[in-house]
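# Examination of the molecular architecture
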Amino acid sequence: MMISLYQENCPLCSEPSEYEQCDRKKRQLFYCKKCKQLLITDRAKRELVGKNIRHQSLSDLSGSLTSNEILHISFEERELKCVVEDYTFWR
Ligand SMILES: [Zn+2]
């Protein structure tokens, strides 16, 4: 299967990065040099990007994970929810 990569600044550290659209609901899988890979829902991204600040602690957390892990960021009940999940589940 052909995977399309799109250019966009990372929602956590604002550095240029790439993402692919994830088929499971409305999520994007980002690849960032600093934050490695991270999974974020459309809703959570709007919440993070709209604030126009760097999300250093989330960036550090995501960047510290192993290649088998991924930070999954969603927005539920008016709060950002960040869970470390098995990367292979999302591939
Ligand atoms: Zn980043």
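Above this text you will find the structure in question.
Attention in this report is confined to the structure presented alongside it. A quick note: this is a predicted structure, and the numbers were derived from the prediction, not measured.

### Section: the sheet that holds strand 2 (residues 16-22)
- A sheet is described by the order of its strands in space; here 6 strands give the open sequence 1-2-3-4-5-6, paired in mixed fashion. The open sheet has two free edges, formed respectively by strand 1 (6-9) and strand 6 (79-86), since each of these has just one partner strand. In this sheet, neighbouring strand axes are inclined to one another by 30° on average, regardless of whether the strands run parallel or antiparallel.
- Inspection of the sheet shows strand 2 paired to strand 3 (residues 27-32) by 5 bridges, in the antiparallel sense. Within the sheet, the bridge partner assigned to Glu18 lies in strand 3 and is Tyr31.
- With respect to the sheet, helix 1 (residues 42-49) is in contact with strand 1, strand 2, strand 3, strand 4 (36-41), strand 5 (69-76) and strand 6, its orientation differing from that of strand 4 by roughly 105°.
- Along the sheet face, helix 2 (residues 56-63) touches strand 4, strand 5 and strand 6 and points at about 125° away from the line of strand 4.

### Considerations on unusual backbone geometry
- Here the phi dihedral of Ser14 falls at roughly 70°; this positive angle occurs in a residue that is not glycine.
- With respect to the element layout, Ser14 can be found in the loop between strand 1 and strand 2.

### A few points about the nonpolar core
- By size, the foremost hydrophobic cluster in this structure holds 16 residues, and its most contacted members are Cys10, Leu12, Cys35, Leu38, Ile40, Leu48 and Ile73.
- Among the elements of the structure, strand 3, strand 4, helix 1 and strand 5 are those that each provide at least two residues to this core.
- It is strand 5 that contributes the most residues to this core, 3 residues altogether.
- Apart from residues lying up to four places away in sequence, Ile73 is in contact with Leu12, Leu38, Leu39, Ile40, Thr41, Ala44, Leu48, Leu80, Lys81 and Cys82.

### Quick notes on helix 2
- Buried residues of helix 2: Leu58, Ser59, Ser62 and Gly63, and no others. The buried residues of helix 2 occupy an angular sector of 130° when projected down its axis, which confines them to one face.
- Of the surrounding elements, those touching the buried residues of helix 2 are strand 4, helix 1, strand 5 and strand 6.

### Concerning the packing of aromatic side chains
- Applying the stated criterion across every chain yields a total of 3 aromatic pairs.
- Plain terms: the ring middles of Tyr19 and Phe30 are 5.1 Å apart, the flat faces sit at 35° to each other, and that makes the pair tilted. Note that Tyr19 is positioned in strand 2 and Phe30 in strand 3, a separation of 11 residues in sequence.
- The class for Tyr19 is buried, based on a relative accessible area of 11%.
- Looking at Lys45, its charged tip hangs above the ring of Tyr19, at a distance of 5.3 Å from the centre.

### Focus on the coordination of the zinc ion
- The protein atoms that coordinate the zinc ion are Cys10 (SG), Cys13 (SG), Cys32 (SG) and Cys35 (SG), at distances of 2.3 Å.
- Coordination at the zinc ion is tetrahedral, judged from the 4 donor atoms that bind it and the angles of 99 to 114° they form at the metal.
- Read in sequence order, the donor residues coordinating the zinc ion give the pattern C-x2-C-x18-C-x2-C.
- Taking relative accessible area as the criterion, Cys10 reaches 3% and is therefore assigned buried.

Cut-offs and rules
Residues numbered from 1 in each chain as written. Predicted model: local features only at pLDDT ≥ 70, side-chain atom pairs only at ≥ 80, totals over all residues. Heavy atoms only, no water. Pairing = 2+ DSSP bridges. Helix = DSSP H or I, 4+ residues; strand = E, 2+ residues; numbered from the N terminus. Axes fitted to C-alpha atoms, helices over the stretch in contact; angles between N-to-C directions. Contact = heavy atoms within 4.5 Å. Core = buried A, V, L, I, M, F, W, Y, C linked by side-chain atoms within 4.5 Å. Buried < 20%, exposed > 50% of the residue type's maximum accessible area, 1.4 Å probe, protein only. Arc of directions from axis to C-beta. Phe/Tyr/Trp six-rings, centres within 6.5 Å; stacked < 30°, edge-to-face > 60°. Lys NZ or Arg CZ within 6 Å of the ring centre and 35° of its normal. Donors = N, O, S within 2.8 Å, 3.2 Å for Na, K, Ca; no water. Tetrahedral: all angles 85-135°; square planar, octahedral: opposite > 155°, others 65-115°.

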